[in-house]
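Read off the chains here:
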Amino acid sequence: MGCKMLLSFGHQMLRRKVVDCSREESQLSRCLNTLDLVALGVGSTLGAGVYVLAGAVARDNAGPAIVFSFLIAALASVLAGLCYGEFGARVPKTGSAYLYSYVTVGELWAFITGWNLILSYVIGTSSVARAWSATFDELIGKTIGDFSRKHMALNAPGVLAENPDIFAVIIILLLTGVLTFGVKESAMVNKIFTCINVLVLGFIMVSGILKGSLKNWHLSKDDFLNISGCENNDTKALGNGGFMPFGISGILSGAATCFYAFVGFDCIATTGEEVKNPQKAIPMGIVVSLLICFIAYCGVSAALTLMMPYFCLDPDSPLPDAFEHMQWEAAKYAVAVGSLCALSASLLGSMFPMPRVIYAMAEDGLLFKSLAKINSRTKTPIIATVASGVVAAVMAFLFDLKDLVDLMSIGTLLAYSLVAACVLVLRYQPEQPNLVYQMAKTTDELDQVDQNELVSTSDSQTGFLPEVERFSLKALFSPKSKDPTKFSGLVVNISASLMAILIIIICILTVLGREALASGTVWAILAISGSTLLCVIVTGIIWRQPESKTKLSFKVPFLPVLPILSIFVNVYLMMQLDQGTWIRFAVWMLLGFTIYFGYGFWHSEEASLAADQAKTPDNNLNECK
């Protein structure tokens, strides 16, 4: 009896979302094109990462080699972006990774994904608001910061910021008020801010190359004490000099933090119901916006470290300080104003999708139903908007920028890993959830041959499955069927779970056991070699399984290598973060699980739907066909 109850409880946690295809749920109009999505992604992404974070990471982690940190972070984001692109082609609906997980791997994983998306958006808002405050404070002579340090210091090093940021709280609350009244008026302002931002970044890159010096990329330890204008009593903390003063480990550690700079593309994924052709526009918008942002980040980081030695950079407002160091006062103020425009656009981009994810989870019953309330006049989720704004304001008030960014990175990396795992699992399953979303194009975009092929393929996968196969090595490496079966789908599910465990083991060994590997310790080498060999074998098993032939306008290439590589990069970057970040993340997840098992599990709309279907088993299951 106890085993049956436990099994039933597990099935309920893994129930998948079923979308009612018989009615049009969205009231949004499809009016955006690919260019609109690129502008949205660039505006949301080019903010604190390029104007503030670059200085902190170059100073403390990577030095001039920060360009490689941004390259690694961009690679992780592109891998995740391609996985988002395939789901954008499958499920062009509002909800982003939360909805993708819900229709694929079940409710518990969907809640974890959505809860981490909320964390990312809240921290994105908080960190950008703090960056806005720091840049404005630099313009007026740091009077706000001096006042806060003198009268409002927080004596909790390693836990809270040195001083609270009241100005950041005011900014967040003001924009929260604007969003509750509607976002149409702010759309044009956001485009203006983005244009000014791009122009300023172009000016920074050109001026940095023209006025900078390559000598700042080849500094020796003797130069640490000879450069005027920098207070550096502890030369050991400055690294070994040169282009990579902190070595490979510094580049990788910086990449984990720089990853924050590329998270804006998720904002594109939340616009699935407002794009004319989401199957093509979403993947293209994600890739192009990430490419533009990568060029901007690398160009500005290179210019910054050419203009000024990396150890002299101001961690809070590096670009205005760098132009002041170059004795170019007018440029300092122009860059400060441009950075405020960029941070304003980024702040709007962070705050806009946050209430949508909260609203989607509340509407599904996983969060409190009151958060799903829509204002009848403005057509906005007013309670979700206010609640998310208040939480972001509290975090901006209490925590330091780098602590916020690291916590955001770990939540985002976990969400990206789950999306990649969903792509890996879904492509090898015999029956796809929510068939209507496999090809959500309008009928005039498909010719009759494609439509017939789509239906026949799906029918062949769901209605004419071969007989149950028995487990054997031959069945693993040489399946008889060319179409996915229940057995091959189960093999991929088990293999993907085993792959995740092996990747975690390898990442722990390479990060925590770095010294043992460097010294050639036998146990460390055997452990990493054995885990790597098992990964290759499991990858081969997945590769040999029959893949779904369902047609999509965009598919992740190089399956199963690319999703596995995406998971590995994400998990490895997670392991680079410090212990304090993991403790704060554990507290956030504990709070989330308390809400889910205390409320969401019992109020889930899918649970109610399953109960209704049990009462009326003859309901129409072919509405989507």
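A quick note: this is a predicted structure, and the numbers were derived from the prediction, not measured.

Before going further, it helps to spend a moment on the nonpolar core. One finds Y51, F70, Y84, I118, I204, F262 and L367 to be the most contacted residues of the largest nonpolar core, which totals 162 residues. Non-local contacts of Y51, meaning those with residues more than four positions away in its chain, are made with N197, V200, L201, I204, P318, L319, V335, G338, S339 and A342. Counting 5 residues, the second-largest nonpolar core is a separate cluster that includes A475, F487, V491 and I541.

With that settled, consider the packing of aromatic side chains. Enumeration over the complete set of coordinates arrives at 26 aromatic pairs. Judged by centre distance (5.1 Å) and plane angle (40°), the ring pair of F111 and Y596 falls under tilted. On the criterion of sequence distance, the pair formed by F111 in helix 6 (residues 107–139) and Y596 in helix 25 (residues 579–603) is long-range, its members being 485 residues apart. Ring pairs connect the aromatic residues F111, W115, W588, F593, Y596, F597, F601 and W602, which therefore count as one cluster. Between R15 and the ring centre of F601, over which it is positioned, the NZ or CZ distance is 5.1 Å. Sitting over the ring of W543, R544 keeps its end group 5.7 Å from the ring centre.

As a further point, take helix 2 (residues 34–45). Its 12 residues place the ends of helix 2 17 Å apart at the C-alpha level, agreeing with the 16 Å of an ideal helix rising 1.5 Å per residue. Taken together, the buried positions of helix 2 are L37, V38, L40, G41, V42, G43, S44 and T45.

The next point concerns the pattern of salt bridges. Pairing between side chains of opposite charge can happen when their charged atoms approach one another. Taken as a whole and assessed by the stated rule, the structure comprises 7 salt bridges. The shortest N-O distance in the salt bridge between E86 and R427 comes to 2.6 Å. Taken as a pair, E86 in helix 4 (residues 66–90) and R427 in the loop between helix 18 (401–426) and helix 19 (448–463) lie far apart in primary sequence, 341 residues in all. Given a relative accessible area of 1%, E86 falls into the buried group. Of the residues examined, R427 reaches a relative accessible area of 4% and is grouped as buried. Across the pair E547 and R427 runs a salt bridge whose closest N-O atoms are separated by 2.6 Å. Taken together, the residues E547 in the loop between helix 23 (522–544) and helix 24 (561–575) and R427 in the loop between helix 18 and helix 19 connect sequence positions 120 residues apart. On the accessibility criterion, E547 (29% relative accessible area) is partly exposed. Residues joined in a network through salt bridges with shared partners are E86, R427 and E547.

So, how was this worked out
- Residues numbered from 1 in each chain as written.
- Predicted model: local features only at pLDDT ≥ 70, side-chain atom pairs only at ≥ 80, totals over all residues.
- Heavy atoms only, no water.
- Core = buried A, V, L, I, M, F, W, Y, C linked by side-chain atoms within 4.5 Å.
- Buried < 20%, exposed > 50% of the residue type's maximum accessible area, 1.4 Å probe, protein only.
- Contact = heavy atoms within 4.5 Å.
- Phe/Tyr/Trp six-rings, centres within 6.5 Å; stacked < 30°, edge-to-face > 60°.
- Helix = DSSP H or I, 4+ residues; strand = E, 2+ residues; numbered from the N terminus.
- Lys NZ or Arg CZ within 6 Å of the ring centre and 35° of its normal.
- Expected span 1.5 Å × (residues − 1).
- Salt bridge = Lys/Arg side-chain N within 4 Å of Asp/Glu carboxyl O.

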